[in-house]
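Next come the chains, spelled out residue by residue.
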Amino acid sequence: MSRESFAGWYRNRFVWVAVILLVVSAGAVVLVNRADPDAKPADLQSQIIARMRTTLEQADPGQHNHAGHGAQQAASTEKPAVICGVRVYGYEPTEATALTEVQTVYGFHLCGVAEQKRPWDVAVKLAGPVIMDMSSDPPGIQVVEATAEVMFTDRVRQMLPPKYADLALKEALSESEMADQRRRYDAAAGL
């Protein structure tokens, strides 16, 4: 190989494009192989939110039903999807660092029953403060509801610790959680 042919090869832009593509491809393969496809959310709060949402969406709507509102029975036997948005007010024990250590979660849920072509505004909705017993599998769901003898605000204060009860009476879903829920609802309802 002569010096002139080596210099020509060295200056050939196609060779350098090929070298760059090879390096980028090798880097992408390494990154893809290092990523765990079953990776959990990075922090405990995200893990709790994901577990709450999954539990509520997989549960029969009757398990977190409010005031007798139920999904209308469609002509088909296929059950409509339940799409939930959740907010975590807190959990016990508060010093838990892993999802397996969490026993009880206090939060809020807003679920819509996504019947085909039924817009969100007229969908059956299930909403309110919720307590989840994470020590069982599947987690237990207990909604906070008024009774004939106890008003809703008093029932919230009876069932939730004071610091979470105050939040439950003031706050529901964040704007980003609500937007995500509406997007998922529209997709499930075929809108």
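Residues numbered from 1 in each chain as written. Predicted model: local features only at pLDDT ≥ 70, side-chain atom pairs only at ≥ 80, totals over all residues. Heavy atoms only, no water.

Participant: Teacher, can you tell me more about the overall build of the protein chain here?
Facilitator: When helices and strands are counted, the protein chain shows six helices and four strands. The secondary structure elements of the protein chain, listed N-terminal to C-terminal, are α-α-α-β-β-β-β-α-α-α. For the protein chain, the residues scored as buried account for 32% of the 191 residues in total. Counted over contacts in the protein chain with a minimum sequence separation of 6, partners at least 24 positions apart contribute 63%. As displayed, the protein chain has an accessible area near 12100 Å², and 56% of this comes from carbon and sulfur atoms. (Helix = DSSP H or I, 4+ residues; strand = E, 2+ residues; numbered from the N terminus. Buried < 20%, exposed > 50% of the residue type's maximum accessible area, 1.4 Å probe, protein only. Contact = heavy atoms within 4.5 Å. Areas by Shrake-Rupley, 256 points an atom, 1.4 Å probe, with all protein chains shown as cover.)

Participant: Help me understand the pattern of salt bridges, please; the structure alone is not making it clear to me.
Facilitator: When the charged atoms of two side chains with opposite charge come close together, those side chains can pair. Applying the stated criterion across every chain, the model contains eight salt bridges. A salt bridge links D180 to R184; the nearest nitrogen and oxygen atoms lie 3.3 Å apart. Placement of the pair is D180 and R184 together in helix α6 (residues 175-188), with a separation of four residues, close to one helical turn. Among the residues examined, D180 registers a relative accessible area of 23% and is labelled partly exposed. For R184, a relative accessible area of 18% puts it in the buried group. (Salt bridge = Lys/Arg side-chain N within 4 Å of Asp/Glu carboxyl O.)

Participant: What is the right way to read the confidence of the model for the protein chain from this model?
Facilitator: Parts of the prediction with low pLDDT should not have their coordinates interpreted in detail. In this model, the protein chain carries an average pLDDT of 79, and 70% of its residues clear a pLDDT of 70 or more. For the stretch residues 35-41, pLDDT sits under 50, and the model shows two contacts to residues farther than four places along the chain or on other chains. Note that pLDDT drops below 50 for residues 65-76; the model gives that stretch 20 contacts with residues more than four away or on any other chain. (pLDDT = per-residue confidence, 0-100.)

Participant: Got a minute to help me understand the state of the cysteines in this structure?
Facilitator: By definition, a disulfide is the covalent link that joins the sulfur atoms of two cysteine residues. One pass over the full model with this rule turns up one disulfide. Linked covalently through their sulfurs, C84 and C111 form a disulfide whose S-S length is 2.0 Å. Between C84 and C111, the S-S dihedral sits near 110 degrees, and the bridge is therefore right-handed. Of this pair, C84 sits in strand β1 (residues 81-92) while C111 is found in strand β2 (residues 104-114), placing the two residues 27 residues apart along the sequence. A relative accessible area of 0% means that C84 is categorised as buried. Given a relative accessible area of 0%, C111 falls into the buried group. (Disulfide = S-S within 2.5 Å.)

Participant: Sorry if this is basic, but what is going on with the pairing of strand β4 (residues 140-143) here?
Facilitator: For a regular strand, side-chain orientation follows a simple rule: the groups alternate between the two sheet faces. By the alternation rule, side chains of β4 split into I141 and V143, which are all buried, and G140 and Q142, of which none is buried. Here strand β3 (residues 125-133) runs beside β4; their pairing, made up of four bridges, is antiparallel. For V130, the partnering residue across the bridge sits in β4 and is V143. Turn length for the β3-β4 hairpin, with the two strands adjacent in sequence and antiparallel, is six residues. (Pairing = 2+ DSSP bridges.)

Participant: Which parts of the structure should I look at to understand α6?
Facilitator: Because each turn of an α-helix spans 3.6 residues, side chains separated by three or four positions in sequence point in the same direction. With 14 residues, α6 ought to run about 20 Å at 1.5 Å a step, and its terminal C-alpha atoms sit 20 Å apart, in line with that. Those residues of α6 lying buried are E177, Q181, R184 and Y185. End-on view of α6: buried residues confined to an arc of 105 degrees, all on one side of the axis. Across from the buried face of α6, at angles greater than 90 degrees, the exposed residues are E175, S176, R183 and A187. Against the buried residues of α6 lie α3 (44-58), β1 and β2. One or two residues past the end of α6 sits G190, with phi positive at roughly 75 degrees. (Expected span 1.5 Å × (residues − 1). Arc of directions from axis to C-beta.)

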